[in-house]
Amino acid sequence: MSGAASYLMRRAAQKERVRILYRRALKDTLTWAVHRHLFYPDADALRERFDANKNVEDIETIDRMIADGESQYNKWRHPDPYIVPWAPGGSKFTRNPEPPSGIEIVYDYGREDH
């Protein structure tokens, strides 16, 4: 693989890691500040932190900054993140699951024809 191709692949991987880190941090910010009037200033501050470093060109510096950002994110993650109730891990997830196929449900209990 040529030097330019490996450089482009590494930069693409870095962009993906930054995108994933930003999205996780933004969702976690919403967990810390559940009301929107508290969330918006925190989201703006987070975006400013990411935008302050978007023009860095050195690959090694970018890798170090991503690693620092991921470690800082892991350090400040919410211990009990908000999960939408009907999503996996939510309080309503599979609360009323579909009955398995082959099971007959009788709605007129006691009035069946024998």
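Fair warning: this is a prediction, and the values are worked out from it, not measured in the lab.

**Let's talk about the overall build of the protein chain**
Assigned secondary structure in the protein chain consists of 3 helices and 0 strands. Dimensions of the protein chain, computed from the C-alpha atoms along their principal axes, are close to 80 × 45 × 20 Å. Sorting the 114 residues of the protein chain into buried and exposed places 18% on the buried side. For the protein chain, contacts bridging at least 24 residues in sequence account for 59% of all contacts bridging at least 6. When the accessible area of the protein chain is evaluated, it comes to approximately 9600 Å², of which 56% is carbon and sulfur surface. Between the averaged position of the 18 positive side-chain charges in the protein chain and that of its 18 negative side-chain charges there is a distance of 7 Å.

**With respect to the nonpolar core**
Core analysis: the largest hydrophobic core is formed by 5 residues, namely Leu 21, Tyr 22, Ala 25, Leu 46 and Tyr 73. A total of 3 residues in this core trace back to one element, the largest contributor, which is helix 1 (residues 3-32). Once residues within four sequence positions are removed from consideration, Ala 25 is found in contact with Leu 46 and Tyr 73.

**Some points on the UniProt feature "domain: Complex 1 LYR protein" (unreviewed entry) in the protein chain**
Here, the residues flagged by UniProt with the feature "domain: Complex 1 LYR protein" (unreviewed entry) are residues 17-72. Here residues 17-72 runs as 82% helix and 0% strand, with 14 Å between its end C-alpha atoms.

**Details of the packing of helix 1 against helix 2 (residues 36-51)**
At a closest axis distance of 9 Å, the pairing of helix 1 and helix 2 adopts a crossing angle of 155 degrees. Regarding the angle of helix 1 to helix 2, the classification is roughly antiparallel. Crossing hand, helix 1 versus helix 2: right-handed. Residues Val 18, Leu 21, Tyr 22, Ala 25, Leu 26, Thr 29 and Leu 30 of helix 1 touch helix 2, and the partners they reach there are Arg 36, Phe 39, Asp 42, Ala 43, Leu 46, Arg 47 and Phe 50. For the contact of helix 1 with helix 2, the class distribution of residues is 10 nonpolar, 1 polar and 3 charged.

**A few points about the packing of aromatic side chains**
Considering all chains together, one arrives at 2 aromatic pairs under this definition. An angle of 75 degrees between the planes, with centres 5.1 Å apart, marks the rings of Tyr 22 and Phe 50 as edge-to-face. Placement of the pair is Tyr 22 in helix 1 and Phe 50 in helix 2, with a sequence separation of 28 residues. A relative accessible area of 23% places Phe 50 in the partly exposed class. Look at Phe 39 and Tyr 40: their rings are 5.8 Å apart centre to centre, the planes differ by 55 degrees, and that puts the pair in the tilted class. Its relative accessible area of 7% is what places Phe 39 among the buried residues. We note Arg 47 situated over the ring of Tyr 22; from NZ or CZ to the ring centre the distance is 5.2 Å.

Thresholds applied
Residues numbered from 1 in each chain as written. Predicted model: local features only at pLDDT ≥ 70, side-chain atom pairs only at ≥ 80, totals over all residues. Heavy atoms only, no water. Helix = DSSP H or I, 4+ residues; strand = E, 2+ residues; numbered from the N terminus. Buried < 20%, exposed > 50% of the residue type's maximum accessible area, 1.4 Å probe, protein only. Contact = heavy atoms within 4.5 Å. Areas by Shrake-Rupley, 256 points an atom, 1.4 Å probe, with all protein chains shown as cover. Lys, Arg positive; Asp, Glu negative; His and termini not counted. Charge placed at Lys NZ, Arg CZ, Asp CG, Glu CD. Core = buried A, V, L, I, M, F, W, Y, C linked by side-chain atoms within 4.5 Å. UniProt positions renumbered as here; feature names shortened; annotations may be inferred. Axes fitted to C-alpha atoms, helices over the stretch in contact; angles between N-to-C directions. Parallel < 35°, antiparallel > 145°, perpendicular 65-115°, else oblique. Left-handed = near helix turned anticlockwise from the far one by under 90°. Nonpolar A, V, L, I, M, F, W, Y, C, P; charged D, E, K, R; others polar. Phe/Tyr/Trp six-rings, centres within 6.5 Å; stacked < 30°, edge-to-face > 60°. Lys NZ or Arg CZ within 6 Å of the ring centre and 35° of its normal.

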